[in-house]
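Given next are the chains, with one letter for each unit.
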Amino acid sequence: MLKRVAAIHDLSGVGRCSLSVILPTLSVMGIQVCPVPTALLSAHTNGFGDVVLKDMTDYIPEALSHYLRADVGFDCVYSGFLASEEQVSHCLEFMDSFKGAMRVVDPVMGDGGRRYKTYSEALCKRMGDLVAAADIITPNLTEASILLGESYPQSPRTVSEAKSFLVRLSQKGPGTVVITGVVMASGEVANIGYDREHSAFWRVPYETIPKSYPGTGDIFASVLTGGLILGDSLPIAMTRATVFCETAIKTTFGYGTPPREGVMLEKCLGILAEKGSYLDYKTL
Ligand code: PXL
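Residues numbered from 1 in each chain as written. Predicted model: local features only at pLDDT ≥ 70, side-chain atom pairs only at ≥ 80, totals over all residues. Heavy atoms only, no water.

1. Observations concerning the overall build of the protein
Piece 1. What the protein contains, in helices and strands, is 10 helices and 12 strands.
Piece 2. Counting only C-alpha atoms and orienting by the principal axes, one finds that the protein spans roughly 50 × 40 × 40 Å.
Piece 3. Per-residue burial for the protein yields a buried fraction of 51% across its 284 residues.
Piece 4. For the protein, the proportion of contacts with a sequence separation of at least 24, taken over those separated by at least 6, is 70%.
Piece 5. Counting only carbon and sulfur atoms, one obtains 51% of the accessible surface of the protein, whose full area is about 12400 Å².
Piece 6. Looking at charge distribution, the protein has the averaged site of its 25 positive side-chain charges lying 3 Å from that of its 30 negative ones. (Helix = DSSP H or I, 4+ residues; strand = E, 2+ residues; numbered from the N terminus. Buried < 20%, exposed > 50% of the residue type's maximum accessible area, 1.4 Å probe, protein only. Contact = heavy atoms within 4.5 Å. Areas by Shrake-Rupley, 256 points an atom, 1.4 Å probe, with all protein chains shown as cover. Lys, Arg positive; Asp, Glu negative; His and termini not counted. Charge placed at Lys NZ, Arg CZ, Asp CG, Glu CD.)

2. A look at helix α6 (residues 159-170)
Piece 1. With 12 residues, α6 should reach 16 Å at 1.5 Å per residue; the first-to-last C-alpha distance of 17 Å fits that figure.
Piece 2. The complete set of buried residues in α6 reads Ala162, Phe165, Leu166, Leu169 and Ser170. Projected down its long axis, α6 shows its buried positions confined to an angular sector of 130 degrees, all on one face.
Piece 3. Packing partners of the buried residues in α6 comprise β8 (136-137), α5 (141-148), β9 (176-183), β10 (189-195) and β11 (200-206). (Expected span 1.5 Å × (residues − 1). Arc of directions from axis to C-beta.)

3. Concerning the pairing of β11
Piece 1. The element β11 is largely enclosed, with a buried count of five among its seven residues.
Piece 2. The pairing of β10 with β11 spans seven bridges and is classified as antiparallel. Counterpart to Tyr194 in the pairing with β11 is Phe201.
Piece 3. Hairpin connection from β10 to β11: four residues lie between these consecutive antiparallel strands, with Ser199 at a positive phi of about 45 degrees.
Piece 4. Across two bridges, the pairing between β11 and strand β12 (residues 282-283) is antiparallel. Bridging from a neighbouring strand, Arg203 pairs with Lys282 of β12. (Pairing = 2+ DSSP bridges.)

4. Some words on the environment of Met95
Piece 1. You can see Met95 is positioned in helix α3 (residues 86-97).
Piece 2. A residue is classified by how much of its surface remains accessible, and Met95, at 1% relative accessible area, is buried.
Piece 3. Each C-alpha atom, one on Met95 and one on Ala134, is 8.7 Å from the other, the two residues being 39 residues apart in sequence.
Piece 4. The contact partners of Met95, leaving out residues within four places of it in the chain, are Val77, Ser79, Arg103, Val104, Val105 and Leu130.

Purely spatial values, then, with no claim about function.
Okay, here's the thing in structure tokens:
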């Protein structure tokens, strides 16, 4: 049987982020994705000016009731971009309704040290409640700082600072924490991870390019989630996700397309269907 994921994210028509990239990414990995849209947007909120946004807050509990009536189950509930504070409660209800389902929270709130336009301080605060209920979280460094109530670190992180970030986030609830885009004192940029049960810390360094593409965090979290659902260990899932994002970013950079269009996922998805060897990880 194929595994099934409920993906509670927005659907943005242009700019390759959220459900527009999560659906093909998890599908090509052999996982069924059932979209639960939190909002419909004409485009993501990073580079297209004033977007059209239809809030889907009321839809989520109605969809959940239907799934429960129809005896539809999920192996994983995975949340991302939320459009209102009430949606945090709706995500928690969703997670509580499917006992044993893996709870993945990508606490989408900002990037590059800044909150996204639609994220109020109150919504960011509520995101902490969702993180507390998660098994796995995948913040970038901006989101990790918001969750910890700290300012965005301008300087590189030492190994002990990086470990402290991971452990303190894990103390909020999730047993597995992965932080993306951490500039390390060694000069490396890495995705770093912590598995509390095994007291294991991991880092997967990657090469950066001088451009930033929206949606790459969504792709990273999807590949990581897919890998874990398929039985990858944490370091292998992190490596699979890092290598895929690096490939998609470098492919796109080579074509010189505008960053607001996101990465050229269509050119790269095939890699995910192949059996790769993902052993380039290191301990942190
Ligand atoms: O990729 C994160 C994301 C998701 N959804 C929407 C966004 C963004 C980032 O800009 O605007 C609508």
